[in-house]
Amino acid sequence: MNFMIVRRAAVYLSLSIATFISIFPFYWMVVGATNESRDIVTGKSTIGTNLVANFQNLLAQVDLAQVFWNSAVVAIAATVLTLAVSSLAGYGFEIFRSRVRERIFQVLLLLLSIPFAALMVPLFVMISRAHLTNTFTAVILPTVASIFIIFYFRQATKAFPGELRDAARVDGLKEWQIFLFVYLPSMRSTYAAATIIVFMTSLEQLFVAAHRATDGGQKDHHPGDIVSDVGLHTRFRRDLAFHRARHSSHAHHLLRPAATIRAGDVGLRQIGTLFTMRSIQSFNTDWQFHADPTDALTSAFVEGEPIVLPHNALELPFNYFDEKAYQKPFAYQKLIRPDPAWADKEVTLRFDAAMADAKVYFNGNEITAHKDGYTPFEARLTGLLKDGDNLLTVTINGSENPQIPPFGAMIDYLTYAGIYRDAWLRVTPPLFIANQKIETPNVLEGRRSVRIAVALANPQDKALSGTIRATLRDGDTVLATTSLPVTGTDIALAFDGLENIKLWDIDTPKLYAIEPGARNPAWHRCHRDQIWLS
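What you see is a predicted model, and the numbers here were worked out from it, not measured in a lab.

Take the overall build of the protein next. Within the protein one finds 14 helices and 19 strands. Residues counted as buried form 39% of the 534 residues belonging to the protein. Counting only carbon and sulfur atoms, one obtains 60% of the accessible surface of the protein, whose full area is about 30,000 Å².

To continue, consider the nonpolar core. In this structure, W287, Y332, F351, L392 and V394 are the most contacted members of the largest nonpolar core, which totals 28 residues. Mapped onto this core, the elements with two or more residues apiece are β4 (287–290), β6 (329–336), β7 (346–351), β8 (357–362), β10 (377–380), β11 (390–397) and β12 (423–428). Those residues within four positions of W287 in sequence are excluded, and the remaining contacts are E305, P306, I307, L309, Y332, Q333, K334, F351, L392 and V394. Core analysis: the second largest hydrophobic core is formed by 19 residues, I433, L456, A470 and Y512 among them.

Turning next to helix α5 (residues 101–111). Along α5, the residues that are buried comprise R101, F105 and L108. The arc that holds the buried residues of α5, viewed along the axis, is 55°, so those residues lie on one side. Exposed residues lying more than 90 degrees from the buried face of α5 are R103 and L110. Contacts made by the buried residues of α5 are with α4 (64–95) and α8 (147–157).

As a further point, take the packing of aromatic side chains. Under the criterion given, the structure shown has 20 aromatic pairs. Plain terms: the ring middles of Y326 and Y416 are 5.4 Å apart, the flat faces sit at 20° to each other, and that makes the pair stacked. Taken as a pair, Y326 in the loop between β5 (305–307) and β6 and Y416 in the loop between β11 and β12 lie far apart in primary sequence, 90 residues in all. Relative accessible area serves as the criterion here: at 2%, Y326 is assigned to the buried category. Lying across the ring of F105, R154 places its NZ or CZ 4.5 Å from the centre. Here K328 stacks its cationic end above the ring of F330, 4.4 Å away from the centre of that ring.

As a further point, take the sheet that holds strand β3 (residues 279–282). The sheet built from four strands is open, its strands ordered β3-β12-β7-β10 with antiparallel pairing. In the strand order of this sheet, the two ends are held by β3 and β10, each with one partner. This sheet shows a mean twist of 25° between the axes of neighbouring strands, independent of strand direction. As paired strands, β7 and β10 are joined by four bridges and run antiparallel to one another. Its bridge partner lying in β10, T348 is registered against R380.

The next point concerns the packing of α4 against helix α10 (residues 175–186). For any two helices packed against each other, one specifies the inter-axial angle together with the distance between the axes. Two elements in contact, α4 and α10, have axes separated by 12 Å at closest approach and are oriented at 110°. Taken together, the axis directions place α4 and α10 in an arrangement best described as roughly perpendicular. Counted together, S87, L88 and Y91 of α4 and E175, I178, F179 and Y183 of α10 form the full contact between these two elements. Of the residues in the contact of α4 with α10, the class split is five nonpolar, one polar and one charged.

Bringing the sheet that holds β4 into the picture now. Strands sit in the order β5-β4-β6-β11-β8-β9 across an open sheet of six strands; the sheet is antiparallel. Two strands bound the open sheet, and with one partner strand each, they are β5 and β9 (365–371). Sheet twist, expressed as the average angle between the axes of neighbouring strands with direction ignored, equals 25°.

Moving on: the environment of D474. With respect to the secondary-structure elements, D474 resides in strand β15 (residues 467–474). Spatially, the C-alpha atom of D474 lies 9.1 Å from that of I514, the residues being 40 residues apart in sequence. In this view, D474 contacts L479, K510, L511 and Y512; residues no more than four positions away in its chain are not counted.

With six of six residues buried, β7 lies mostly within the body of the structure. Side-chain alternation along β7 places E346, T348 and R350 on one buried face and V347, L349 and F351 on a second face that is also buried. Of the pairings in the sheet, the one linking β7 to β12 comprises six bridges and is antiparallel in character. Residue pairing in the sheet places T348 in a bridge with R426 of β12.

In this structure, N312 sits in the loop between β5 and β6. Put simply, N312 and M355 are 43 residues apart on the chain and 9.4 Å apart in space, counted from C-alpha to C-alpha. For N312, the contacting residues outside a window of four places in its chain are Y416 and A417.

A separate point is the confidence of the model for the protein. Taken residue by residue, the protein gives an average pLDDT of 79. The fraction at 70 or more is 82%. Across residues 210–276, where pLDDT falls below 50, the model places 162 contacts with residues more than four positions away in sequence or in other chains. In the predicted structure, residues 521–534 sits below a pLDDT of 50 and forms 64 contacts with residues beyond four places in sequence or in another chain.

By the element assignment, Q61 lies in helix α3 (residues 51–61). The exposure class of Q61 is partly exposed, given its relative accessible area of 43%. Between the C-alpha atom of Q61 and that of A409, which follows or precedes it by 348 residues, the distance is 8.4 Å. With sequence-adjacent residues up to four places away left out, Q61 is seen in contact with A409 and M410.

Quick notes on the rules
Residues numbered from 1 in each chain as written. Predicted model: local features only at pLDDT ≥ 70, side-chain atom pairs only at ≥ 80, totals over all residues. Heavy atoms only, no water. Helix = DSSP H or I, 4+ residues; strand = E, 2+ residues; numbered from the N terminus. Buried < 20%, exposed > 50% of the residue type's maximum accessible area, 1.4 Å probe, protein only. Areas by Shrake-Rupley, 256 points an atom, 1.4 Å probe, with all protein chains shown as cover. Core = buried A, V, L, I, M, F, W, Y, C linked by side-chain atoms within 4.5 Å. Contact = heavy atoms within 4.5 Å. Arc of directions from axis to C-beta. Phe/Tyr/Trp six-rings, centres within 6.5 Å; stacked < 30°, edge-to-face > 60°. Lys NZ or Arg CZ within 6 Å of the ring centre and 35° of its normal. Pairing = 2+ DSSP bridges. Axes fitted to C-alpha atoms, helices over the stretch in contact; angles between N-to-C directions. Parallel < 35°, antiparallel > 145°, perpendicular 65-115°, else oblique. Nonpolar A, V, L, I, M, F, W, Y, C, P; charged D, E, K, R; others polar. pLDDT = per-residue confidence, 0-100.

Okay, here's the thing in structure tokens:
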């Protein structure tokens, strides 16, 4: 009797635990839907009162009707096509016999062991070459032939009575008629189970969909763009390009038909170095950090915590913290002693990013402010430097401000605060290249062209003269040269009528080089850098 009681208690306890495990995800979904993000992060596990506000925020940011429509189209189309193709394949593998049938089926099963990460790039290349990016077809088509569903239907077909098939053949039915009118009605339960599996799998293909379809405004793609799909943020890739540009004599860019390359910040460091005496130095060391700043820090140097950029203003524990802890002002200070070689040069500080409301003070005076948490900004020091130590103070306010990105709408991540990216000191001649853009408008024609738009920076309003030129090379061979007199800050160079130019391809990555340069007796000599095109 006691044994039966213990056994029954163990059964009820096990069922109770299983019931709790099954029900808890639904309860947690309700908790998440009725609380704010900060409540969930701090460990709140009770039902909240923000359900209506959360749904209002959702409806304001997401077109739910379009989202559900897209999901329905993809899931239903993928389910119907997968069942049609995979059930036919499974039926064929079991019914029709040949010498190589088992070997082919074994190869298919082995393909199940290949991780999707290894297939992403080849699959993207196929989709891109077929011009199917940004389409439902790109999401649906690769799922049609499912190896697992083929295996599932083959195993189910083993139980299909062979007598029914033989009787149908005797009655004169063809194979496709046997499949439709005999096999399919007999396997309704198999199709029902497979429908559930395929439909649920299709709804979970968000990662795959992001891999094959991008936002509507981006139509040119490259396999390297897929890096963002495996967890690397676009900003990280841009920073990686900056790093490579600083430490390499060449800046590499992929050039596709009608593609546009904006040199941007890379041009400031490497590509745009046409004139001599350009210097880009890391400005990350010898900073003093103040967690509780006062107004006096803008004009007086005070020793604080020595830090090196990039820097996070406040380290938070992994759990049970208040995000308001970093939503306050912080300050960074540094002393600058100018180099005599900076005389008559443009001296600029560049901050790759700071979160979120940044103000820069130099010797007690505010010289620039930047209200954005993600984009870079600059502070011009030309004309402000004095002999000896100069005080640089950067104040950061991490408080949420609806007027400053990323605030102003619902965000589900922590923003932290601080100068969380690199800082740089740039010393250039008074006239330098601020930006350049390279375009290939007609690479699919027999005679091709290259356009180079160069933007000169002339903050000191110096007189413009001299010549700017560019040379197109294939290795050591000069293919074309072009030049124009410098009469303004916007210069458009062009190579026209180019023949025998090979396009870049994954299998044959042909590279060319453009060497820009400038000549002017006042600029001492010509300095040239290369841009590799593909």
